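A structural walkthrough
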Amino acid sequence: MQVTAIEKINEESLNRIRQHPFILDALSGKLSKESAERWIMCAGRESRTFPDILKKMISWVDNEKIKSILQENYDDELGNGNPDEAHFLHYLHLLRDLGIDRNVFFNYSEKA
């Protein structure tokens, strides 16, 4: 796939995101507390699973440059050797600061 094709696909994806009701509500100041909390729960699920996704991708990739970029991202997700800086731990701190019990997050079931 050529770079221009990738850039086109990327721009189309960004345009869909820009038009998503959640984004439009957030930008206009009309985002409900329920919608914000739902986003926080979903973002946390992604934060929790992202390192495993990266690790699997690293094992599948043959291109050393891409593998190196993925490894750098993976290391960053885990705090670059400092577990206190792991991204998911920061997410758990966010839950605490927002007064959301961790058990609420761990038991959250996405509703479409």
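Remember, it's a predicted structure, so these values are computed and weren't measured experimentally.

Now for the overall build of the chain. When you go through the chain residue by residue, the secondary structure sums to 6 helices and 0 strands. For 112 residues, the compact-globule formula gives about 13 Å, and the C-alpha radius of gyration of the chain, at 17 Å, lies well above that figure. Expressed along its principal axes, the backbone C-alpha trace of the chain runs to roughly 45 × 35 × 20 Å. Taken across its 112 residues, the chain has 18% of its residues classed as buried. Surface summary for the chain: the accessible area is close to 8700 Å², and the carbon and sulfur share equals 56%. The positive charge centre, built from 15 side chains, and the negative charge centre, built from 19, are 5 Å apart in the chain.

For the rest of this paragraph, the subject is the pattern of salt bridges. Counted according to the given criterion, the structure contains 5 salt bridges. Ionic pairing is found between K33 and E37, a salt bridge with its closest N-O pair at 3.4 Å. Of this pair, K33 and E37 are both found in helix α3 (residues 33-60), 4 residues apart, which corresponds to roughly one turn of the helix. Exposure remark for K33: the relative accessible area of 64% places this residue in the exposed category. Of the residues examined, E37 reaches a relative accessible area of 33% and is grouped as partly exposed. Between D97 and R96 there is a salt bridge whose closest N-O contact spans 3.1 Å. Each of the two residues, D97 as well as R96, counts as exposed.

The subject of this paragraph is helix α4 (residues 64-77). Residues separated by three or four positions in an α-helix point in the same direction, a consequence of the helix having 3.6 residues per turn. In this model, α4 (14 residues) spans 20 Å end to end at C-alpha, consistent with the 20 Å of a helix rising 1.5 Å per residue. L70, Y74 and E77 are the residues of α4 that are buried. Relative to the axis of α4, the buried residues are bounded by an arc of 55° and lie together on one face. Turned more than 90 degrees away from the buried face of α4 sit E64, K65, I69 and E72, all of them exposed. On its buried face, α4 sits against α3 and α5 (87-98). In this structure N63 caps α4, since a side-chain oxygen of it lies 2.9 Å from the backbone nitrogen of K65.

With that settled, the discussion passes to the environment of D25. Following the sequence through the fold, D25 ends up in helix α2 (residues 21-28). Of the residues examined, D25 reaches a relative accessible area of 32% and is grouped as partly exposed. Discounting residues that sit within four places of it in the chain, D25 has contacts with K30 and L31.

What counts and how
Residues numbered from 1 in each chain as written. Predicted model: local features only at pLDDT ≥ 70, side-chain atom pairs only at ≥ 80, totals over all residues. Heavy atoms only, no water. Helix = DSSP H or I, 4+ residues; strand = E, 2+ residues; numbered from the N terminus. Rg over C-alpha atoms; globule rule 2.2 N^0.38 Å. Buried < 20%, exposed > 50% of the residue type's maximum accessible area, 1.4 Å probe, protein only. Areas by Shrake-Rupley, 256 points an atom, 1.4 Å probe, with all protein chains shown as cover. Lys, Arg positive; Asp, Glu negative; His and termini not counted. Charge placed at Lys NZ, Arg CZ, Asp CG, Glu CD. Salt bridge = Lys/Arg side-chain N within 4 Å of Asp/Glu carboxyl O. Expected span 1.5 Å × (residues − 1). Arc of directions from axis to C-beta. Contact = heavy atoms within 4.5 Å. Polar contact = N/O pair within 3.5 Å; in protein donor to acceptor, adjacent residues only side chain to side chain.

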